Amino acid sequence: MAVLTEEQRREIGQHFVFGFHGQDISEDIKTLIKDYYLGNVILMKRNVQSVAQVHRLVHELQSLAQQAGHNRPLMIGIDQENGLVSAFSTAATGEAGTQYPGAMALAATGSLEIAAEVSAATGRELRAAGINWVYSPVGDINTDPRNPVIGVRSFGDDPGTVAQYVKAVSAALTSAKVAPSAKHFPGHGNTHVDSHLSLPRILVDKAGLKATELVPFEAVVQDGIASIMTGHMALPRVTGDDTPCSLSRAITTDLLRGELGYNGVIVTDCLEMEAVAEKYGSEGGAVLSLQAGADIAMICHTYKRHVGAIEATYAAVQDGRLAMAELEESGRRIAALKDKFAGSWDDALSAFNANSVAQLKQENQLLSSRAYLASISHIPNSRPFIRLSKSGPAVLFTPRMERINPAVDGSEDTLRDAAGRLRNTAGPSYLAFASSISRRVPAVEHVVYAAGEELSTAVQENLKAATSVIFATRNGYDKGAWQIETLRKVIEVVKMGEGGVQKMVAVSTCGPYDLLAVTDLQVPAIATYEFTIPALEAATAAIYGEAEITGRIPVKMESVQDN
């Protein structure tokens, strides 16, 4: 078996994007860049503290690559979809990136202009920190309301509308010299299985795929989008087997390159997700994805898997399972991406401009507030909205925090006590919601509700006496239906008090399907699409009549004929 040359090992290193731990350079990432010639790095929320700190971190990574003899700077990527998946944002402290509305909230504004403004501003902040690649926009069409992993990360359930927003976001990011990456090809919206946990099987044929899922991707392929991310779902009626799309040559090469004519960079979703790792391992998945035609394989977390994947690729090249000529052809696509978005070493090692960033963030905060206010939507199957009174006490109900999916949540350990029991916790966003309400009314009682609990006598009396009652749901559809049961109990009590249901509003703070599915919703209801702090601040402003509610729900349910 021939020994690989340094030049060949350098080439192989360009075909991976790895993450690392900590807000400073780790020994692991040093080794990967210096000894394995890693060409691309993904930053996670765990790496982000402030814009200045991220710039310093990226500068050190780029310096390390230059010293290791890399021909071009690193692509530095991040999951900054905005909304619930915002690895660069710190709404609580404001030290890192600005928190902006996510996809479904942007679509609810009905404004491609707002979506483009937000995306360009996001790109400028990322660029100021040295980040040149963003895993956004989400091109998935959320046709299954039960979808546990996409949901509000999607622009909606209409292929044409989703395509328009995906094009707008992609173009705006590109204009800020940040490479976009539409995901998760060929579409992760029509499933209720989370690929972080197991492999979704989507039973759609080629005709169905072309009519729906592929529409946004075809649109950005025609625009020459810089990169596309492949997803971990099986399409047995298209490929003939249960191979994940990210590992399937029928999808990656035949469909995306061949039929759609895509010539840019293809990157996989993280190969540590169980949809791949459980059967193939991250290391085996990496080789299979490159054999399938991916340009770059992503592994986000584990150093052992990073090294294992590169060494498995060495072995695959040495024994002829992976052609070096194909990697070199792929490498030219990666080089072109770097030339356009990473630029020269002078570009990659430019100094941090604190004054410029401070001014940028000040401007962007105003844009964020405007965009969030424009996204707040009336739930059409609820009563007409009437602003609530600030004259007396309020009662706020928020659901006990539970995990949504690993793309959105951090470690679940923070929700458990020392004995491993789930704590009855409100979470920082809902605490901020209560604080926002308290700035407008004399007093607020914050009730964290959980499945099966009854309303205490004290809470019932306070509900009757309150001048405003706000009931929040968070994905209260399907598995979260217990939230609607509690909502009905609260409504019955409120009916008996002064002011009746006119003093109450229900707020869907994530997927709007929970309240859309209630055919007999007896109170006014609004949707925020996310439980980020600025989204709930915008909701509070709308609830108390400080802003008009102008958004429109961009998805539908069978129970709702006209959204």
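Just so it is clear, the structure is predicted and the values come from calculations on it, not from any experiment.

Describing the overall build of the chain
Scanning the chain from terminus to terminus reveals 20 helices and 16 strands. C-alpha atoms of the chain, sized along the principal axes, occupy 85 × 55 × 50 Å. Expressed as a percentage of its 563 residues, the buried residues of the chain come to 60%. A sequence separation of at least 24 residues applies to 77% of the contacts in the chain between residues at least 6 apart.

Thoughts on the packing of helix 1 (residues 6–13) against helix 13 (residues 324–341)
In the contact formed by helix 1 and helix 13, the axes pass within 10 Å of each other and the chain directions differ by 55°. Overall, the two elements helix 1 and helix 13 adopt an arrangement that is oblique. Considering the relative orientation of helix 1 and helix 13, their crossing is left-handed. Contacts between helix 1 and helix 13 involve Q8, E11 and I12 from the former and M324, L327, E328 and G331 from the latter.

Overview of the pattern of salt bridges
Under the definition given, this model contains 29 salt bridges. For R321, the salt bridge identified is with D319, shortest N-O distance 2.9 Å. Residue R321 is classed as partly exposed on the basis of its relative accessible area of 44%. Overall, D319 belongs to the partly exposed group, its relative accessible area being 40%. The residue R440 makes a salt bridge to E546 at a minimum N-O spacing of 2.8 Å. Of this pair, R440 sits in the loop between helix 16 (427–438) and strand 13 (444–449) while E546 sits in the segment after helix 20 (533–543), placing them 106 residues apart in sequence. Accessibility expressed as a relative area gives 15% for R440, which makes it buried. A residue is classified by how much of its surface remains accessible, and E546, at 40% relative accessible area, is partly exposed. Here the salt bridges share partners, and the residues they tie into one network are K390, R439, R440, E537 and E546.

Considerations on helix 2 (residues 27–35)
Of the residues making up helix 2, those classed as buried are I29, L32 and I33. Buried residues of helix 2, seen end-on, are gathered within an arc of 90° and therefore sit on one face of the element. Looking at the packing, one finds that the buried side of helix 2 touches strand 1 (16–18), strand 2 (40–43), helix 3 (51–67) and helix 12 (303–318). Positioned one or two residues after helix 2, Y37 has a phi angle of 55°, which is positive.

Examining the packing of helix 5 (residues 112–128) against helix 15 (residues 354–375)
Packing of helix 5 against helix 15 leaves a shortest axis separation of 10 Å and a crossing angle of 150°. When the interaxial angle is binned, helix 5 and helix 15 end up roughly antiparallel. The two elements helix 5 and helix 15 cross, and the hand of that crossing is left-handed. Taking contact as the criterion, the partners of I114, E117, V118, A121, R124, E125 and A128 in helix 5 are, on helix 15, V357, L360, K361, N364, L367, R370, A371 and A374. Across the contact of helix 5 with helix 15, the residue classes break down as nine nonpolar, one polar and five charged.

Thoughts on empty space enclosed by the protein
Going through the model one piece at a time under the given rule, you end up with two cavities of 30 Å³ or more. One number sums up the size of the largest cavity: a volume of about 80 Å³. Forming the boundary of the largest cavity are 13 residues, of which E81, N82, S119, S136 and V169 lie nearest the centre. Counting only elements with at least two residues in the lining of the largest cavity, the list comes to strand 4 (80–82), helix 4 (103–109), helix 5 and helix 6 (159–175). Of all the elements, strand 4 adds the most residues to the lining of the largest cavity, at three residues.

So, the packing of aromatic side chains
One pass over the full model with this rule turns up nine aromatic pairs. Look at F185 and F217: their rings are 5.2 Å apart centre to centre, the planes differ by 85°, and that puts the pair in the edge-to-face class. Taken together, the residues F185 in strand 7 (residues 179–185) and F217 in helix 8 (residues 214–222) connect sequence positions 32 residues apart. Here F185 matches F217 in class, with each residue buried. Through a chain of ring-to-ring contacts, three or more aromatic side chains come together here, namely F397, Y449, F471 and W482. It is R474 that lies over the ring of F531; its NZ or CZ is 4.4 Å from the centre.

Thresholds, definitions, all that
- Residues numbered from 1 in each chain as written.
- Predicted model: local features only at pLDDT ≥ 70, side-chain atom pairs only at ≥ 80, totals over all residues.
- Heavy atoms only, no water.
- Helix = DSSP H or I, 4+ residues; strand = E, 2+ residues; numbered from the N terminus.
- Buried < 20%, exposed > 50% of the residue type's maximum accessible area, 1.4 Å probe, protein only.
- Contact = heavy atoms within 4.5 Å.
- Axes fitted to C-alpha atoms, helices over the stretch in contact; angles between N-to-C directions.
- Parallel < 35°, antiparallel > 145°, perpendicular 65-115°, else oblique.
- Left-handed = near helix turned anticlockwise from the far one by under 90°.
- Salt bridge = Lys/Arg side-chain N within 4 Å of Asp/Glu carboxyl O.
- Arc of directions from axis to C-beta.
- Nonpolar A, V, L, I, M, F, W, Y, C, P; charged D, E, K, R; others polar.
- 1 Å grid on protein atoms, 1.4 Å probe; cavity = no way out; pocket = protein on both sides within 12 Å on 5 of 7 lines; lining within 4 Å.
- Points joined across faces, edges and corners; volume = space filled by probe spheres on them.
- Phe/Tyr/Trp six-rings, centres within 6.5 Å; stacked < 30°, edge-to-face > 60°.
- Lys NZ or Arg CZ within 6 Å of the ring centre and 35° of its normal.

Honestly, it's all geometry; don't read function into it.
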